[in-house]
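Each chain, letter by letter, is given below.
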Amino acid sequence: MAVRKNNVVICCRHEEDSADLLAERMRSRIAGEGYELVLNVKVLQGEQFNAQIKHEIENCEDFILLLFPGTLDKCVDGSGDYLMEEISYALKLRKNIVPAITRKFEWPEILPDSIRPLQMFAGVPLNLEFFDAIIEKIRTMLISNGDKTVKWDENNYIFISYAHKDKERILPVIEELQRQNFCLWYDEGIDPGTEWDDN
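Let us look at the structure shown here.

Rules used in this analysis
- Residues numbered from 1 in each chain as written.
- Predicted model: local features only at pLDDT ≥ 70, side-chain atom pairs only at ≥ 80, totals over all residues.
- Heavy atoms only, no water.
- Helix = DSSP H or I, 4+ residues; strand = E, 2+ residues; numbered from the N terminus.
- Buried < 20%, exposed > 50% of the residue type's maximum accessible area, 1.4 Å probe, protein only.
- Contact = heavy atoms within 4.5 Å.
- Areas by Shrake-Rupley, 256 points an atom, 1.4 Å probe, with all protein chains shown as cover.
- Disulfide = S-S within 2.5 Å.
- Salt bridge = Lys/Arg side-chain N within 4 Å of Asp/Glu carboxyl O.
- Expected span 1.5 Å × (residues − 1).
- Arc of directions from axis to C-beta.

### Details of the overall build of the chain
Then comes step 1: Within the chain one finds 6 helices and 7 strands.
Then comes step 2: The 199 residues of the chain split such that 43% are buried.
Then comes step 3: Of all intrachain contacts in the chain linking residues separated by at least 6 positions in sequence, the fraction that spans at least 24 positions is 78%.
Then comes step 4: Surface accessibility of the chain: about 11300 Å² in total, with carbon and sulfur atoms responsible for 49%.

Right, dumping it as structure tokens:
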């Protein structure tokens, strides 16, 4: 199935106050720059939610995830929450995920394995006072930006940098990314305080 160029899915938990309005505002602003955008909120209104949203995720290049305080709380127990399924599917298909993080959002201490790699994606802080600047930043993070489209292959690596004190939290994320066949580079075996070897 061919991926449609410049196709973007905006994903949010529709039960959250103002999530629909923010997602629609974001969709309108980015769509004005030549992108095709689908809101998972709109898809939810139909009866064929699972098939329709999966189809849209399969056909997108970029997946923008709006994160409000508590957005991922229902995902923690791994009980098949619709948002968790969408994120997991986007990760499985190696979509470019751009977390848009609202003020006071906090990552849960533990996430299910299927969405744990989400924490490794660079996010954009959402401050509505600077909405246009934020939209511009998000646009630059879309792999379908302009005429360039990046496809994952064996030459694309994810570089993971972390503090050694966070090793216990990061290693499960690395393991999940490896399980999903992402190519990774991280500082395995480098002792803290060791000088960088340029060779």
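### Things to note about the state of the cysteines
Then comes step 1: On inspection of all chains with the given rule, the structure shows 0 disulfides.
Then comes step 2: Left unpaired, Cys11 is separated from the closest cysteine sulfur, that of Cys12, by 6.7 Å.
Then comes step 3: Of the cysteine sulfurs around Cys75, a residue in no disulfide, the closest is that of Cys11, at 9.0 Å.
Then comes step 4: Exposure remark for Cys75: the relative accessible area of 0% places this residue in the buried category.

### Let's talk about unusual backbone geometry
Then comes step 1: At Arg94, a position not held by glycine, the phi torsion is positive, near 60 degrees.
Then comes step 2: Assignment of secondary structure puts Arg94 in the loop between helix H4 (82-92) and strand S4 (96-102).
Then comes step 3: In this structure, Lys104 is a non-glycine residue whose phi angle is positive, near 75 degrees.
Then comes step 4: Note on placement: Lys104 falls in the loop between S4 and strand S5 (124-126).

### Regarding the pattern of salt bridges
Oppositely charged side chains can form a pair if their charged atoms are brought close together.
Then comes step 1: Taken as a whole, this structure holds 4 salt bridges when the rule is applied.
Then comes step 2: Residues Glu24 and Arg27 are paired through a salt bridge, measuring 2.8 Å at the closest nitrogen-oxygen approach. Residue Glu24 and its partner Arg27 are located together in helix H1 (residues 19-31), separated by 3 residues, close to a single helical turn.
Then comes step 3: With relative accessibility at 25%, the residue Arg27 sits in the partly exposed group.

### Observations regarding H1
Then comes step 1: Between its first and last C-alpha, H1 extends 18 Å over 13 residues, near the 18 Å set by a 1.5 Å rise per residue.
Then comes step 2: All of the buried residues along H1 are Ala19, Leu22, Ala23, Met26 and Ile30. Down the axis of H1, the buried side of the element spans an arc of 100 degrees, and every buried residue falls inside it.
Then comes step 3: Residues of H1 that are buried make contact with strand S1 (7-11), strand S2 (36-39), strand S3 (62-67), S4, S5 and helix H5 (131-141).

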